[in-house]
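These are the residues of each chain, in order.
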Amino acid sequence: MTTPWSRRAFLAAGSGTAVALGLGTTWPDPAPETSASRPAGSSSVSEEFAALRAKWRALVLGQGFSPAAEPFRSRLAALGSTAGRHLAAMAPAAGSLWPDLSYADRERDTDHEAYGHSGNLNASYDRLNTLAQAYCQPGTGLTGDRRLRDALLTGLGHLHDDVYHAGRERYGNWYNWQIGAPQALLDVCVLLHDALPPARLAGFLAAVDHFVPDSAVARYAGSSTGANRVDLCRVLALRGVVGDSADKVALARDALSPVFPYRTSGDGLYADGSFLQHGSVPYTGTYGSVLLGGLGLLFALLAGSSWEVTDPNRQLVLDAVEDSWAPFLHNGLVMDGVAGRAVSRGRAKSKDVQQDDHLRGHQVLASIVLLGQGASAAENARWRGLVKGWMRRDRYSPPLADPFLSLPQLARLKSVQDDASVAALAEPAGHRMFPSMARLTHRRPGWAASLSMADRRIAYYETGDGENLRGWHTGAGMLYWWGDTFADDQYSDAFWPTVDPYRLPGTTVSRKALADGAGGDWGAPKPDVNWVGGATDGRRAAVGQYLKGLQSTLRAKKSWFFLDDAVVCLGAGITCTDPDAVETTVDNRNLGSGGTAPFTVDGTVSPTDRPWARTVTGARWAHIGGHGGYVFPGGATVRALCEDRRGSWRTVNRSGSTDVLTRTYTTLYVDHGTHPVDASYAYVLLPGATADGTRARAADAGWLGVLANTGRQQGVTVASLGFTGVNFWFGGTVGTLTASGPCSVMISERADGTAVLAVSDPERGRTGLTVTWRRAVAAVTSAPATLTGSATGSTLTLTFGDLTGTAGASQRIVVRLG
């Protein structure tokens with residue numbers, strides 16, 4: 001590993017702290033140290049801590065940008081305006097520092113009201129942080145303003161004396177007391193370090209010690225795992241840096257180590273690239289983003305110091321940039337299927353906070369750039385190329401115009417954009433499966449897709465703290481897809497508050513009415529099923545989900561076969577005794593506010609006026625202009641409608657805005673009726689296809705062969721691609737394949753006379769498995785250790801041993817055809 005900070009440069013960095021603030025220096029007495037934590041060979045402990053403070057100051061203020069150049073000039077001016085409003089509104093009183101942010105909670109419990117009060121405490125410290133930024137940054141109009149500095153000291157003192165001090169009992173959300181508030185407080189303490197009276201500073205540090213004691217990282221469990229552990233380590237590290245405590249910094253460094261190794265259960269990174277938080281929720285795009293950004297900051301802070309992070313397992317985090325985060329980034333956005341309850345945070349009631357998949361993605365891009373500073377030269381160069389590509393392709397929401405990026409994040413991304421030595425890299429084509437979190441991504445030239453499923457390990461969805469109240473069916477096989485130059489706003493443009501939550505694309509659901517937050521908080525609702533996953537060769541895939549409906553009697557077997565220009569979707573065994581209709585949503589495209597798109601079924605175009613609804617019997621194909629096509633092998637009865645739907649963010653998030661939004665949707669679905677028994681469906685999704693291309697695919701009766709579509713097996717073959725894929729819900733024979741038990745199998749025959757077979761055990765319970773392919777095979781040329789025997793000739797027989805340790809991962813075998 002290389003580091004941009006040499007020991008000499010690191011120590012020299014501390015000399016500019018007081019000068020930058022234009023203040024005198026008043027250093028607190030260093031905290032006592034133990035011999036175990038004292039920096040070996042350090043010429044001056046205080047000097048090294050001063051250097052750390054200077055370094056953190058640079059990390060949180062940004063560097064390498066011109067305050068007179070755009071977009072920084074406007075952003076700095078906006079920061080000054082925001083700070084000016086906060087300064088004018090500050091009114092210290094019992095229970096609040098700002099009238100609109102009351103943190104007084106009489107009950108001191110953990111109900112929703114208490115969550116709001118503790119959140120207001122956090123927000124109060126965040127506002128002080130904004131004021132400190134405006135004081136320290138150039139070009140804000142408040143730079144070095146003594147009135148602002150005095151107000152900051154008053155505000156810090158008020159919050160300490162009134163609520164955030166040693167001995168105080170916390171209430172509401174633990175996060176606000178142990179992560180949110182202390183992080184903001186410590187940032188301000190760094191920025192105003194030389195202006196803080198020693199007694200006051202000692203009180204602030206005592207408060208942090210009270211709410212975030214060393215015991216917070218004593219065990220890797222509970223709320224001290226994954227991203228939360230990294231956040232806690234950031235608090236401890238900054239507590240040490242501000243208070244000259246080598247013990248605290250050493251503790252923070254060492255407490256990071258449990259974050260690095262791959263997990264086999266619980267929170268953190270997995271060997272297959274998955275990332276979980278709250279035990280059962282795929283969270284690469286939010287908690288994972290926090291972990292990535294937090295580690296980037298801590299690696300950069302401690303690099304070159306006496307507490308540099310040298311654990312060799314840190315390389316696993318660096319590897320995860322391309323193994324875990326990159327697969328879920330597309331044209332600057334991070335896919336909603338790994339964003340958990342954050343998808344409901346589109347617009348807060350305060351109107352000054354907003355999130356969507358692009359805005360979350362920009363945060364990840366900036367973190368990758370920062371983390372690259374501590375990676376190898378080759379890794380850093382490649383990551384910068386990937387980031388430049390994602391930035392360049394984000395036409396819907398250009399990252400450098402993102403108003404919610406911090407100045408340091410903006411500076412990092414601008415440095416990549418302006419670096420002529422960095423070539424923008426294209427999205428890599430291929431298929432990635434993440435069995436440990438029941439997710440996958442599929443990338444082809446021109447489009448990308450992602451699938452969300454659920455099983456007994458992975459929640460249907462996560463709600464909590466009043467968020468994501470209607471995400472009930474996102475784990476019921478929701479199939480997201482985007483184009484390369486179109487539809488990148490599909491889930492960004494007020495999708496979640498306006499879409500029909502019972503008609504999410506790709507899902508099969510009962511329309512049984514569910515209560516907000518049905519199933520319980522924090523990833524509690526999980527289906528009692530095992531068979532969820534599939535097999536991939538890295539290019540194509542066969543994927544299946546045994547579906548049980550949330551709080552319904554619905555049962556179904558769903559399969560997807562991901563190919564070069566299409567996704568073949570099968571459903572079978574659809575059975576439900578609920579007195580409500582059961583539907584499979586083929587697609588539900590967000591056309592935006594008042595948007596239009598021609599809709600065609602078998603050559604007949606629907607009227608452009610809306611609303612309209614159609615039921616088509618024997619439909620062979622359909623097309624949504626500007627989006628893509630749909631083929632129904634053998635014909636199907638489908639329903640289509642185009643409607644304006646209204647909703648507010650408050651309907652999906654209790655902290656959301658009440659502003660009513662309207663978006664237009666074109667929806668295509670199969671109505672299985674009430675009390676279906678063994679109902680089925682089959683359709684082919686063609687992302688980006690033209691109407692003529694869709695018509696031609698429907699007319700090519702020989703392109704797709706549906707080998708089976710029952711509750712026992714589902715399989716297809718596409719001869720022109722040399723592809724065969726079968727999901728064996730039970731052992732049996734389908735076409736040329738026979739399996740001795742439940743498994744997923746896919747085959748790609750190549751033009752060079754070889755073939756790749758991928759076999760997986762989605763149930764994770766096979767201690768033995770035999771797969772037979774009735775095809776002449778001359779030899780097995782590559783096989784995993786799990787293959788215990790093989791027989792070639794006119795038929796290939798593969799014998800696998802214990803697959804329980806594969807965690808559902810694909811076992812790839814390469815053969816030479818006979």
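Structural notes, computed from the coordinates. Starting from 1, residues in each chain are numbered consecutively following that chain's sequence as written. A pLDDT threshold of at least 70 governs which residues receive local features in this predicted model, and a stricter bar of 80 or more applies before side-chain atom pairs are shown or counted, although totals over entire chains, interfaces and linings include all residues. Each side-chain value is derived from all of the structure's non-hydrogen atoms; neither hydrogens nor water enter the calculation.

With respect to the packing of helix α3 (residues 45-61) against helix α7 (residues 174-191)
- The N-to-C vectors of α3 and α7 enclose an angle of 115 degrees; their axes lie 9 Å apart at closest approach. As α3 runs across α7, the sense of the crossing is left-handed. Counted together, Arg53, Trp56, Arg57, Val60 and Leu61 of α3 and Asp187, Val190 and Leu191 of α7 form the full contact between these two elements.
- Here the residues of the contact of α3 with α7 are counted per class, giving 5 nonpolar, no polar and 3 charged. Only the stretch in contact is used when a helix axis is fitted, and all axes are lines through C-alpha atoms; the angle between N-to-C directions ranges over 0 to 180 degrees. Starting at the N terminus, helices and strands are each numbered in turn, a helix being any DSSP run of H or I of at least four residues and a strand any DSSP run of E of at least two. In this scheme the crossing of two helices becomes right-handed for a clockwise turn of the near helix relative to the far one and left-handed for an anticlockwise turn of less than a right angle. Residue contacts follow a heavy-atom distance rule, with two residues in contact if any of their heavy atoms lie within 4.5 Å. Each residue is assigned to one class: nonpolar for Ala, Val, Leu, Ile, Met, Phe, Trp, Tyr, Cys and Pro, charged for Asp, Glu, Lys and Arg, and polar for all the others, Gly among them.

Digging into the sheet that holds strand β2 (residues 275-277)
- One open sheet accounts for 3 strands, arranged β1-β2-β3; its pairing is antiparallel. Unpaired on one side and paired on the other, β1 (268-269) and β3 (281-282) mark the two borders of the sheet.
- Bridge count between β1 and β2: 2 bridges; the pairing is antiparallel. Within β2, the position partnered with Gly268 by the bridge is Leu276. Pairing between two strands is assigned when DSSP locates at least 2 bridges connecting them.

Thoughts on the packing of aromatic side chains
- Working definition: a ring pair exists when centres of Phe, Tyr or Trp rings (six-membered ring for Trp) sit within 6.5 Å. Plane angles under 30 degrees give stacked, over 60 give edge-to-face, the rest tilted. In total, this model carries 22 aromatic pairs according to the counting rule given.
- Ring centres of Tyr125 and Tyr164 lie 5.6 Å apart, and the angle between their planes is 70 degrees; on these two criteria the pair is classed as edge-to-face. Of this pair, Tyr125 sits in helix α5 (residues 112-136) while Tyr164 sits in the loop between α6 (146-162) and α7; the two residues are 39 residues apart in sequence, bridging distant segments of the chain. With respect to burial, Tyr125 and Tyr164 carry one shared label: buried.
- Measuring from centroid to centroid gives 6.0 Å for Tyr164 and Trp177, while their planes differ by 20 degrees, and the two rings are stacked. On the criterion of sequence distance, the pair formed by Tyr164 in the loop between α6 and α7 and Trp177 in helix α7 is long-range, its members being 13 residues apart. Exposed residues in this analysis have more than 50% of their type's maximum accessible area, buried residues have under 20%, and partly exposed residues fall in between, with area computed by a 1.4 Å probe over protein chains only.

Some remarks on the pairing of strand β23 (residues 713-718)
- In terms of burial, β23 is a largely internal element, 5 of the 6 residues being buried.
- Where strand β22 (residues 705-709) hands over to β23, the hairpin turn is made up of 3 residues, counted between the paired strands.
- As judged from the 6 bridges shared by β23 and strand β24 (residues 723-728), these two strands associate in the antiparallel manner. Counterpart to Val718 in the pairing with β24 is Phe723.
- If you look at the hairpin formed by β23 and β24, you'll find 4 residues sitting between the two strands, and Gly722 has a positive phi there, around 65 degrees.

Examining the packing of α5 against α7
- Relative orientation of the contacting elements α5 and α7 amounts to 15 degrees, with a least axis distance of 9 Å. Of the possible angle classes, the one that applies to α5 and α7 is roughly parallel. For the crossing formed where α5 meets α7, the hand is left-handed. Note on element contacts: α7 touches α5 through Tyr175, Asn176, Trp177, Gly180, Ala181, Ala184, Leu185, Asp187, Val188 and Leu191, opposite Tyr115, Ser118, Gly119, Leu121, Asn122, Tyr125, Asp126, Leu128, Asn129, Ala132, Gln133 and Cys136.
- The residue makeup of the contact of α5 with α7, split by class, is 13 nonpolar, 7 polar and 2 charged. Angular relationships are summarised with four words: roughly parallel below 35 degrees, roughly antiparallel beyond 145, roughly perpendicular across 65 to 115, and oblique for the angles in between.

These figures capture arrangement, not role.
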